[in-house]
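Chain and residue survey
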Amino acid sequence: MKKCVIIGSGLGGLSTGVILAREGFDVTILEQEAQPGGCLQCFQRRGVKFETGMHFIGSAQRGQTLNRLMRYLEIDDIALQALDTQAYDIVRLGNDEFRFPNGTEAFIEQMSRYFPHEREGIEAYINCVESVAQASSLHTLNLENADSAISTEYQLRSINEVIESHIQDHVLRDVLVGNLPLYAAQRDKTPFSTHAFIVDFYNQSSFRVTGGSDLIGLALQKRLEHHGGHLFTHQKAVKIHDDGQRVTGVTTADGNYYDADIVVSAIHPVPTLAMTDSPLIRPAFRRRMNHLPNTIGIFAVYLHFKEGRMPYLNSNYYGYRPGVSPWDSGEYTLADWPRGYLYMHLCHQAQPRYARAGVILSYMRFEEMAPWVGTEVGHRGADYEQFKRQRAERLIDAVGKAFPTLRDSIEHYYTSTPLTYLNYTGTPEGSAYGIARDISLGVSCHVPQRTKLPGLYLTGQNINSHGILGVLVGTVVTCSDLLGTEYLYQQIIKANL
Ligand SMILES: Cc1cc2nc3c(=O)[nH]c(=O)nc-3n(C[C@H](O)[C@H](O)[C@H](O)COP(=O)(O)OP(=O)(O)OC[C@H]3O[C@@H](n4cnc5c(N)ncnc54)[C@H](O)[C@@H]3O)c2cc1C
């Protein structure tokens, strides 16, 4: 029985742990925080629950990709609430709203109603999205249909370039990237494949987790323990040991030592590599990882609504300042922040009539955190509290333009900044989604699942992509390396028979 220590209990660590424990590995997950789950964590204040990271998921209907993975992970009994199938996403540009319905045909019809002169372009665009998603065996979980030529082409072309090749109308171009905060895309940099996977994923079906996304983490933890694995909190990994040939164990900040034949790090590669001084990891690789760009951070306002006041919004709402393209919302100045936001409600029970909690997310660059870097949670000072209050007020005002009853419906609110994320997940610069994909860097952006130090593997959102599907695909990649690709795919197929 091989001993496997996993660093980090986010979705990446937990899902890798479940698979390896099920396959007979002796799995121990080490989590630095008091609560497991990473971005799956929720927190409670005054009896109301808030989600910190994952808010909605896609492709979770029977037979769709996420559902197949959830069945394989034995967590498909989690209760989900479908978002409005006619408007799972609503994009507001200036004063105009555009609704995204689920399903290819519905999407073409709806977008063509808004932009009748672009019907052909819309069809070509959505066909392109689907063919890119279908070409990846990792996204369809079907080894036979993989088309590496399509995959490679769209990993090398930018989102804006491909959209512009199909769509002439400038407003429609912006509408199609209205959900861009979900992947923090940048013009001329982010590959079209990232956009295509996410659009296809949510267009097939979209859901919130009834009761909060921490239920995914709790369900995975249960499966891990059912298969004999262990999870320890308050165990911050600080050193990965080796004997000159392969990994031997992990030490935590309080001096505990965990023996390991295999170490899987489910945290960002930069802090991972800082934990080993093995010469088997080449300086060029360390340099490359240290220089990879990270996605922008996020400022969040968590809204506790007065009882029975705020009708539950069964859509995700993306708003942009008039005249601002979604592409430019990260390029804000202090005067015009926020240029854009994403506003969502938490689904606290099946079919809620009123929302108890909501969240507003907006980009925030880490440079804004400079005065408080190095301070401790809860002790950052009055100026930090004032900064957060001012930003929260601005964000509430911005969303209030589309939802005039918002301010009066709020009982309390709480905030978080990129510094909060840095503390709670360890992701450098409090980056929302980890390493940014950039076509101009080509393969140097690639983070391998296996390192040159035998026995040290990587998983989590930096391997393939972030988000529930991106991270689970990363888990499949890492576990395929340990178990064999054909074997793992067979197990997934078997679990879905
Ligand atoms: C604001 C926000 C909204 C999002 N919304 C969605 C959404 O709606 N849908 C969706 O699919 N995705 C969403 N995502 C993305 C998704 O939540 C993440 O991509 C995913 O949860 C990341 O999982 P992970 O395991 O890679 O990393 P993380 O969740 O960051 O987990 C890493 C874990 O490792 C621990 N750790 C770090 N260092 C150490 C150490 N030295 N020792 C021990 N433990 C350590 C951390 O405490 C943490 O628990 C969102 C993300 C954010 C930030």
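What comes next is a walk through the structure. (Residues numbered from 1 in each chain as written. Predicted model: local features only at pLDDT ≥ 70, side-chain atom pairs only at ≥ 80, totals over all residues.)

1. Thoughts on the overall build of the protein
Each helix and strand in the protein was counted, giving 17 helices and 20 strands. On C-alpha atoms alone, the protein measures out to a radius of gyration of 22 Å, which is about the 23 Å that the 2.2 N^0.38 rule sets for 497 residues. With the principal axes as the frame, the protein shows a C-alpha extent of 60 × 55 × 45 Å. Here the protein holds 497 residues, and 51% of them are scored as buried. Considering only contacts within the protein whose residues lie at least 6 apart along the sequence, 69% involve residues at least 24 apart. (Helix = DSSP H or I, 4+ residues; strand = E, 2+ residues; numbered from the N terminus. Rg over C-alpha atoms; globule rule 2.2 N^0.38 Å. Buried ≥ 20, exposed ≤ 12 C-beta atoms within 10 Å, placed from the backbone. Contact = placed C-beta atoms within 7 Å.)

2. Points about the environment of Asn 496
Among the secondary structure elements, Asn 496 is positioned in the segment after α17 (485–495). Spatially, the C-alpha atoms of Asn 496 and Leu 334 are 51 Å apart, while their sequence positions differ by 162 residues. Look past the residues within four positions of Asn 496 in its chain and what remains in contact with it is Arg 68 and Arg 71.

3. Notes on the packing of helix α4 (residues 119–135) against helix α9 (residues 192–204)
Where α4 meets α9, the axes come as close as 8 Å, and the angle between the chain directions of the two elements is 95°. By the angle class used here, α4 and α9 are roughly perpendicular. Touching Val 129, Glu 130, Val 132 and Ala 133 of α4 are Phe 192, Ser 193, Ala 196, Phe 197, Val 199 and Asp 200, all from α9. A class-by-class count of the residues in the contact of α4 with α9 yields seven nonpolar, one polar and two charged. (Axes fitted to C-alpha atoms, helices over the stretch in contact; angles between N-to-C directions. Parallel < 35°, antiparallel > 145°, perpendicular 65-115°, else oblique. Nonpolar A, V, L, I, M, F, W, Y, C, P; charged D, E, K, R; others polar.)

4. Topic: the site of the ligand
Close to the ligand lie 36 residues; Gly 8, Gly 10, Gly 12, Gly 38 and Gly 460 are nearest. At the level of secondary structure, the elements contributing two or more residues to the shell around the ligand comprise α1 (11–22) and α16 (467–483). (Near = placed C-beta within 6 Å.)

5. Concerning the pairing of strand β12 (residues 247–252)
Bridge count for strand β11 (residues 237–242) against β12 is five bridges, and the pairing is antiparallel. Residue pairing for β12: Ala 237 is matched across the bridge by Thr 252. Here β11 hands over to β12 after four residues, with Gly 244 in that stretch at a positive phi of 95°. Across three bridges, the pairing between β12 and strand β13 (residues 257–259) is antiparallel. (Pairing = 2+ DSSP bridges.)

6. A closer look at the nonpolar core
Counting 136 residues, the largest nonpolar core has Cys 4, Ile 7, Val 263, Val 359 and Ile 360 as its most contacted members. Sorting elements by how many residues they give to this core places α16 first, with eight residues. Residues within four places of Val 359 in sequence aside, it is in contact with Phe 50, Glu 51, His 55, Ala 300, Val 301, Tyr 302, Leu 303 and Met 344. (Core = buried A, V, L, I, M, F, W, Y, C linked by C-beta atoms within 7 Å.)

7. A word on the sheet that holds strand β5 (residues 57–58)
The three strands lie next to each other as β5-β9-β6, forming an open sheet whose pairing is antiparallel. Unpaired on one side and paired on the other, β5 and β6 (80–82) mark the two borders of the sheet. In terms of strand pairing, β5 meets strand β9 (residues 206–209) through two bridges, oriented antiparallel. Note that in β9 the partner of Gly 58 across the bridge is Ser 206.

8. Quick notes on the packing of α4 against helix α7 (residues 159–166)
The N-to-C vectors of α4 and α7 enclose an angle of 140°; their axes lie 8 Å apart at closest approach. From α4, Gly 121, Ala 124, Tyr 125 and Cys 128 reach across to α7, where they touch Val 162, Ile 163 and His 166. Residue composition of the contact of α4 with α7, grouped by class: five nonpolar, two polar and no charged.

9. Examining the environment of Arg 339
By secondary structure assignment, the location of Arg 339 is in the loop between β16 (316–320) and β17 (340–345). Overall, Arg 339 belongs to the buried group, with 21 C-beta atoms counted inside 10 Å.

10. With respect to the pairing of β9
Burial of β9 is two-sided: the residues Ser 206 and Arg 208 facing one way and the residues Phe 207 and Val 209 facing the other way are all buried. Across three bridges, the pairing between β6 and β9 is antiparallel. Following the sheet pairing, Ala 82 is matched in β9 by Phe 207.

11. Quick notes on unusual backbone geometry
Of the consecutive residues Trp 337 and Pro 338, the connecting peptide bond is found in the cis state with omega at 0°. Mapped onto the elements of the fold, Pro 338 is located in the loop between β16 and β17. Phi is positive for Ala 184, close to 45°, though the residue is something other than glycine. Its place among the elements puts Ala 184 in the loop between α8 (170–176) and α9. The phi dihedral of Gln 351 is positive, around 45°, even though this residue is not glycine.

12. Points about the sheet that holds strand β7 (residues 89–93)
One open sheet accounts for seven strands, arranged β8-β7-β16-β17-β18-β15-β19; its pairing is mixed. What marks the edges here is a single partner per strand, and that holds for β8 (96–100) and β19 (410–416). The sheet shows a mean angle of 20° between the axes of neighbouring strands, taken without regard to direction. Judged from the five bridges that link them, β7 and β16 form a sheet pairing that is parallel.

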